[in-house]
Amino acid sequence: MGNTIIEYLKKTEEKYPYKTAFIEGNRRITFKELFDLSKKAAAFFIEKGVFKEPVILNIKSKIDTVILFISIIESGNFYIPIDNNLSFEMKKEIIKKSKARIMVTSFEKEKKRVSFENLKECVEIFDINDILNSKFLIKGTLEKIQPEDTMYVIYTSGSVSEPKGVEVAHNSVISYIKELTKVLKVNENTIFGCQSPLFYDAPIKEIYGTIFKGATTVFIPKQYFSYPTKLIDLMNEEKINMICWVSSSLSIMERLDAFKEKKPCYLRTIAFGSENLSIKTLNYWRKHFNAARFLNLYGPTECTGMSTYYELKDDFKSDIIPIGKPFSDTKVWILNEDFEEVKKGEIGEIYIGGKGVAKGYFKNNKKTNEVFLKNIYGLRTDKSCTACYDKIDKPDNEKLYTGRIYKTGDIGKIDSKGNIVFLGRKDNEIKYMGHKISLEEIDRIACMIPSITRAGSVYDKDKNTLMLIFDGDLDEIEVKTILLRKLPKYMIPKRIIKSSDIPMRTNGKIDRRELLKRYAKHV
């Protein structure tokens with residue numbers, strides 16, 4: 001239909017002007033209000049003379065953040081949302097590297113601190129209210145925005161000295177949302193329950209899925225996951241019928257036995273991703289929502305969002321959930337170290353091509369060139385644009401893939417049914433006692449033990465010690481006894497520690513670096 005999200009918002013606003021688009025606590029905003037407020041805010045940026053430039057966002061309110069996302073896009077610029085919990089040094093580094101001239105914040109101390117620092121780039125700080133109460137009138141810029149222009153930059157994990165921002169174009173987001181909403185069956189009756197912070201790529205599903213289809217998104221406060229009764233009450237009050245949560249959020253609900261007394265009554269689609277979901281957690285949710293659709297989604301930030309999906313059927317039985325097959329605009333390869341496609345059942349690294357592949361790492365050509373690759377190896381794809389492992393079975397139905405390829409660093413294989421299986425991060429593979437071991441495989445097996453609620457393994461290279469930290473009702477000796485029956489002897493951790501203190505990253509994954517730091521003294 002169009003080249004930008006703004007064109008989709010305009011169509012939805014014309015069709016459902018007074019329908020609620022986003023809900024945050026007691027605050028609600030309709031599509032017409034979103035459209036009008038974003039145009040007013042866009043005029044502010046246009047009047048400031050910025051075009052195709054980054055705008056830094058550090059805003060507490062999620063609805064205000066969405067308004068700013070849209071207004072920045074409409075003004076012909078791109079947004080960089082940052083986590084307020086980042087160290088000030090990291091924030092300063094992002095500002096300096098981006099060369100942004102404008103930062104919008106709702107945190108008074110940020111205005112003071114950034115203004116206090118004598119930054120060469122002289123970023124100008126504005127309060128969110130300055131933008132939303134702008135008196136400027138919009139002047140058209142949409143005709144100047146091209147599909148390949150940058151829409152946003154999302155910062156992923158990186159050191160203080162070198163933060164890493166993924167730069168994504170308009171056409172990648174539009175292609176992704178078209179595919180995702182088709183797979184999830186999103187429509188104007190969909191009510192998302194969004195639990196992700198807006199400085200990650202995860203909530204792109206809900207935000208732009210809502211704008212594309214005239215749906216509604218309810219932003220769920222993070223603290224509600226510590227009080228499941230409040231969470232369930234909210235989900236029922238707002239009639240939330242679709243969730244796309246990180247796997248750890250589903251695990252929290254299972255660990256707290258959240259549905260023991262009541263459950264969300266309207267939930268019909270349960271999608272999850274970011275890391276492998278334990279079969280124990282899956283079974284808990286399926287027991288309570290046996291009529292719902294369950295989908296496992298997989299994809300890195302560097303490919304805009306999700307790249308593959310697997311819908312679980314009633315007869316699903318396995319000890320690991322596949323990530324399935326690619327979206328129709330995506331190509332996936334499983335390659336060995338010689339850049340050759342592996343056969344079914346063999347393990348290799350996951351590579352992704354297609355419209356969702358990001359432009360690269362913002363202002364970081366060195367890192368970009370390391371993982372965003374040109375197809376100089378002659379990789380091929382079949383005509384229907386499904387995963388390239390089909391080459392093995394359909395040698396006469398191929399064409400050369402000419403786009404760029406993202407080297408994910410993820411390990412996977414193709415199972416006997418032709419589905420891709422995610423096995424973990426290459427970074428989490430270690431050499432121990434002469435064997436190559438996946439830390440995530442140890443975690444997965446440990447989490448299958450009924451009395452264990454969480455588990456994370458780490459390797460202290462200096463002391464050549466493998467450790468497992470777990471939370472649950474069993475003691476260390478009981479856990480080791482069970483693991484000896486389920487794992488090869490060389491995969492049994494030397495130290496097994498019972499603790500509820502298992503640090504998690506904001507994206508819902510175990511923070512192994514912090515985990516090792518906390519428990520290194522036990523070695």
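Provided above is the structure to which this section pertains.
Described below are features of the structure shown in this document.

A count of helices and strands for the chain gives 15 helices and 28 strands. Here the chain holds 523 residues, and 59% of them are scored as buried. For the chain, long-range pairs separated by at least 24 residues make up 66% of all intrachain contacts whose partners lie at least 6 apart in sequence.

Attention now goes to the layout of surface pockets. Considering only enclosed or pocket space, the second largest pocket measures out at about 550 Å³ in volume. If you go around the second largest pocket, you meet 24 residues; those closest to its centre are Ile347, Ile411, Leu423, Glu429 and Lys436. Classifying every residue of the lining of the second largest pocket by side-chain character gives ten nonpolar, three polar and eleven charged.

Hydrogen bonds between backbone groups are what pair the strands of a sheet, and the pairing can be parallel or antiparallel. A sheet is described by the order of its strands in space; here nine strands give the open sequence E2-E1-E10-E9-E11-E12-E13-E14-E15, paired in mixed fashion. Strand pairing shows two members of the sheet lacking a second neighbour, strand E2 (27-30) and strand E15 (325-326), which therefore form its edges. Packing of helix H2 (residues 31-47) onto the sheet brings it into contact with strand E1 (20-24) and E2, and relative to E2 it is tilted by some 80°. Here helix H10 (residues 247-255) sits on the sheet in contact with strand E11 (242-246) and strand E12 (269-273), set at roughly 100° to E11.

At a minimum axis distance of 10 Å, the contact between helix H7 (residues 170-184) and helix H8 (residues 204-213) shows a crossing angle of 80°. When the axes of H7 and H8 are compared, the pair comes out roughly perpendicular. Contacts between H7 and H8 involve Val173, Ile174, Tyr176, Ile177, Lys178, Leu180 and Thr181 on the former and, on the latter, Ile204, Lys205, Tyr208, Gly209, Phe212 and Lys213. Each residue belonging to the contact of H7 with H8 can be placed in one class, and the counts come to eight nonpolar, two polar and three charged.

This paragraph deals with the pattern of salt bridges. A complete count under the given rule lists 21 salt bridges for this structure. A salt bridge links Glu167 to Lys359, with the shortest nitrogen-to-oxygen separation between them at 3.8 Å. Remark: Lys359 occurs in the loop between strand E17 (348-354) and strand E18 (360-361) and Glu167 occurs in strand E8 (residues 162-169); sequence separation between them is 192 residues. Of the charged contacts in the structure, one is a salt bridge between Asp427 and Arg425, with a shortest N-O distance of 3.3 Å. Look at the salt bridges and you will find they share partners, linking Asp319, Glu441 and Arg444 into a network.

Another aspect to go through is helix H1 (residues 5-15). Note: α-helices contain 3.6 residues per turn, so residues at a spacing of three or four share the same orientation. Of the residues making up H1, those classed as buried are Ile5, Ile6, Tyr8, Leu9, Thr12 and Glu13. Taken down its axis, H1 places every buried residue within 155° of arc, on the same side. Summarising the geometry of H1, the exposed residues directed more than 90 degrees from the buried face are Glu14 and Lys15.

Each value, and the rule that gives it
- Residues numbered from 1 in each chain as written.
- Predicted model: local features only at pLDDT ≥ 70, side-chain atom pairs only at ≥ 80, totals over all residues.
- Heavy atoms only, no water.
- Helix = DSSP H or I, 4+ residues; strand = E, 2+ residues; numbered from the N terminus.
- Buried < 20%, exposed > 50% of the residue type's maximum accessible area, 1.4 Å probe, protein only.
- Contact = heavy atoms within 4.5 Å.
- 1 Å grid on protein atoms, 1.4 Å probe; cavity = no way out; pocket = protein on both sides within 12 Å on 5 of 7 lines; lining within 4 Å.
- Points joined across faces, edges and corners; volume = space filled by probe spheres on them.
- Nonpolar A, V, L, I, M, F, W, Y, C, P; charged D, E, K, R; others polar.
- Pairing = 2+ DSSP bridges.
- Axes fitted to C-alpha atoms, helices over the stretch in contact; angles between N-to-C directions.
- Parallel < 35°, antiparallel > 145°, perpendicular 65-115°, else oblique.
- Salt bridge = Lys/Arg side-chain N within 4 Å of Asp/Glu carboxyl O.
- Arc of directions from axis to C-beta.

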